[in-house]
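Take a look at the letters that make up each chain.
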Amino acid sequence: MHELSIALEILEMLEKNNYLKDIKIVKIINLTIGNYSGIDKNYLEFAFQNLGDNRFNAVILECNYNETDDIKVNEIIAD
Amino acid sequence: MYPEHKKISIQRNALESNEIIAKSNKSKFELNKIFVVNLLSSPGSGKTSILEHIIPILKNKNIKACVIEGDVETDLDKKRIDALNVPSYQIITKGTCHLDAKMIDKSLLNIDLNNLDILFIENVGNLVCPTSFNLGEDFKAVVLSITEGDDKPLKYPAAFYKSEIMIINKIDLLKVLDSNIEKIKENALSINNKLKIFEVSCKTNEGVDGLADYFIKQVFIKRHR
């Protein structure tokens, strides 16, 4: 359930900053995930796909990893 | 690569919203010079028992403590804290596996920050999820009991990486278990070599005074900063 909270936080950040304006489908989210962040990429992807927000139904996550505790959204590819 | 799609650069912290509220919580704590500890552990490692032993010592030194209890269900831990005659506030998360800054912000409406020296936030028992969410605390303290095995720091590195101190609890059981406390310390320090380690037993009180002294020192440092 941790990843679901993270997905909701990311959604809130994207909405608040107007990144999803006029976006119908988010295809890819590119993230940097620290090895000490406790995040599992597959669970996070599953959480996005099951948020109940149709824009993320088929989203794929592309992740880079580093030796920190960061969770950073680098870019999204969307329609 | 995807020429027909929009590529939108973001470059932002995924937990930005939580961070903003955590900063606001922290500024309230700083304003009132309250030392704040976020206690992490797996369920049953003894977070509440440690508080039951530490808080009376703090009270004897006229240090005013308060506890925010985070649990998925029930206020059983809060009732134990209430028996110590210190203020407490219960957050029942109803399934959520961690506390976040918003929950703490809301709970602060019920706490008299003007009359407080130290706030313990007992997070939901879980060594994974609570590590991601900054609450505005001064530091995280991870509790690990002897019964959990010496491999836990390696299996759940985030909790140990992000904590300032590790409290090894239930050391009275070393006599009857095969647990290797040196291995626990070695594994934890391999994740975070700055980790300050305390060994305690809430059964025999061993190490409890030393841990209480450490918190007392932190309160005084905060007061005079």
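Our structure's up above, just so we're on the same page.
What you see is a predicted model, and the numbers here were worked out from it, not measured in a lab.

Criteria and cut-off values
Residue positions within a chain follow its written sequence, with the count starting from 1. Naming scheme: in the order in which they are written, chains are lettered from A and ligands are numbered from 1. For this predicted model, a pLDDT threshold of at least 70 governs which residues receive local features, and a threshold of 80 or more governs which side-chain atom pairs are given and counted, while totals over whole chains, interfaces and linings are taken from all residues. For the side-chain quantities, the full set of heavy atoms in the structure was used; hydrogens and water were omitted. Relative accessibility under 20% of the residue-type maximum defines a buried residue, over 50% an exposed one, and the middle range a partly exposed one, all with a 1.4 Å probe and only protein chains included. When DSSP finds two or more bridges between two strands, those strands count as paired. Secondary structure elements follow DSSP: runs of H or I of four or more residues count as helices, runs of E of two or more count as strands, with numbering from the N terminus. Here an axis means a line fitted to C-alpha atoms, over the contact stretch when the element is a helix, while the angle between two N-to-C directions is reported on a 0 to 180 degree scale. By convention a nonpolar core is built from buried Ala, Val, Leu, Ile, Met, Phe, Trp, Tyr and Cys residues, the set being connected through side-chain atoms within 4.5 Å. Working rule for contacts: check all heavy atoms of both residues, and any pair within 4.5 Å makes them a contact.

Glancing now at unusual backbone geometry. Residues and elements named next belong to chain B. Positive phi, normally seen in glycine, also occurs at Thr74, with a value near 75 degrees. Given the relative accessible area of 37%, Thr74 is considered partly exposed. For Lys94, which is not a glycine, the phi torsion comes out positive at approximately 55 degrees.

A separate point is the sheet that holds strand β1 (residues 6-13) of chain B. The four strands are arranged β2(A)-β1(A)-β3(A)-β1(B) in an open sheet whose pairing can be described as mixed. Either end of the sheet is taken by a strand with one partner, and the two such strands are β2 (60-66) of chain A together with β1 of chain B. Averaged over all adjacent pairs, the angle separating strand axes in this sheet is 15 degrees, with direction ignored. Summarising the sheet, strand β1 (residues 26-34) of chain A and β2(A) pair through seven bridges and their orientation is parallel.

Counting 32 residues, the largest nonpolar core has B:Ile54, B:Leu58, B:Ile118, B:Phe120, B:Ile165, B:Leu211 and B:Phe215 as its most contacted members. Elements represented by at least two residues in this core include exactly β2 (35-41), α2 (47-60), β3 (65-71), β5 (118-122), β6 (139-145), β7 (163-169) and α8 (208-223) of chain B. Ranked by the residues each element gives to this core, the list is headed by α8(B), at seven residues. Contacts of B:Phe120, omitting those with residues within four sequence positions, involve B:Val37, B:Leu39, B:Leu51, B:Ile54, B:Ile55, B:Leu58, B:Cys66, B:Val67, B:Ile68 and B:Phe215. Within the second largest apolar cluster, 31 residues are counted, among which are A:Ile6, A:Ala7, A:Ile10 and B:Phe133.

Any functional reading would require information that these geometric values do not contain.
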